[in-house]
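What follows is each chain in one-letter form.
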Amino acid sequence: MRRSDTYGKFSPVRDWAYAYKLRMRRRRLLLRAVRKSRELDCLTDRTDQIKPGDILATATIRNECDRLPGFLDHYRRMGVSQFLVVDNGSDDGSTEMLMSQPDVSVWSTPHSYKASRFGMDWLAYLKMRYAHGHWCVTVDADELLIYPGHDDKPLHSLTNWLDQQGVDFFSAILLDMYPREALGQQGTDPSDDVISRLPWFSGYEYSWEWRPKTKSISVRGGPRERVFFTENPDFTPHLNKTPLVKWSRRYVDFHSTHTLLPRRLNAGLDRRLNLPSGVLLHTKFLDSILEKSSEEKERRQHFTYTDRYDDYYDQIMAQPVLWDAQQSVKYEGWQQLEDLGLLTRGRWQ
């Protein structure tokens, strides 16, 4: 991996001024979330089942019927007790499927995903109301959290250790998974495990950069930079996320889950702290990516500067091969990711 060996610093005066600015921004975002809650229509409310100590999961979804069974199963096996889901106008049966689940509360909204800060305003309200004091996973339906020992250690074992250390956050790297074939050409049974359908990832050539303003480590690279953003690497999506937090009603997702406020929640990938970190297996590149890309190019809901990404959608619809002989590695488990430096046990275990 390419790492930045220097940690930039603000002067004490500038950092104090910026911290104050972010504190005011956090308050405005929390008030905004309360206002945006008016856009939510509760379809199924099972929040009365939430018990002290439960781990919750929150997500905003749209037309994810092919992923939802595996998504729910993955997080249930991990130890998530209740799911709080916002459905943003699904018409593929996702809404009905979620409403039938005994541990899922569902809210629906037809309003703009982009105008809600990509769903974060809606989830901020739900977490403010229901997740205070709970460990909470905030992910998309195409993100599966992996942490050291996840196959035999429940998530509670990790969160209990973090509680003992006085740490209320856990960070991860988004790892794009993809097929050996051209996109849209897998031809596999949709009932197959999603990782068996997308078994490859790029194991090398990620850049790590310290960002003093958000006190975070920015990670970029992988197949999207290699294939789609070679000419404009600054447009490459950031891969650093903080998907697991012991939530407080004072917290807010700032730039999705890439950076949070207060800023100390962004420190999980700072190797100086020697904390455990994980990986989010990103299952974006199923066969459905072709239809979704055409739709999202038309809807223009997924990026702040949408004109920058028209070519990105066009390239996806051209069905490229993301697999690369030098970069691609077949997924074998968390120990492999640890060997590649993509996750770490830190002081845990």
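Reading the values: rules and limits
- Sequence positions are assigned chain by chain, starting from 1 and proceeding in written order.
- This being a predicted model, a pLDDT of at least 70 is required before a residue's local features are given, and a value of 80 or more before pairs of side-chain atoms are given or counted; all residues contribute to the totals for chains, interfaces and linings.
- In computing side-chain values, all of the structure's heavy atoms are included and hydrogens and water are not.
- By the criteria applied, helices consist of DSSP H or I runs no shorter than four residues and strands consist of E runs no shorter than two, each listed in order from the N terminus.
- Throughout, exposure labels follow a simple rule: accessible area from a 1.4 Å probe, protein chains only, divided by the maximum for the residue type, with under 20% read as buried, over 50% as exposed, and the rest as partly exposed.
- Identification of polar contacts relies on pairs of N or O atoms within 3.5 Å, with a donor-acceptor requirement for protein atoms, meaning one able to donate a hydrogen and the other able to accept it, and with residues adjacent in sequence counted only if both atoms are side-chain atoms.
- Should any heavy atoms of two residues lie within 4.5 Å, those residues are counted as being in contact.

**Student:** What is the right way to read the side chain of D253 from this model?
**Tutor:** As for its position among the elements, D253 is in strand 13 (residues 252-255). Relative accessible area serves as the criterion here: at 2%, D253 is assigned to the buried category. A distance of 2.7 Å separates polar atoms of two side chains, one belonging to D253 and the other to K127. Non-local contacts of D253, meaning those with residues more than four positions away in its chain, are made with R117, M120, K127, T138, W247, T259 and L260.

**Student:** Help me understand unusual backbone geometry, please; the structure alone is not making it clear to me.
**Tutor:** If a residue is not glycine, its phi is most likely negative; likewise, a peptide bond is most likely trans. Residues L261 and P262 are joined by a peptide bond in cis, for which omega reads 5°. Relative to the elements of secondary structure, P262 occurs in the loop between strand 14 (259-261) and strand 15 (278-282). A positive phi is found at E205, a non-glycine position, where the angle reads about 60°. Along the polypeptide, E205 turns up in the loop between strand 9 (200-202) and strand 10 (206-211). Positive phi, close to 50°, is recorded for K215, a residue that is not glycine.

**Student:** Please clarify how the side chain of S94 should be interpreted in this entry.
**Tutor:** Along the chain, S94 turns up in helix 3 (residues 94-99). Reaching out from S94, the side chain makes a polar contact with the backbone nitrogen of C65 at a distance of 3.0 Å.

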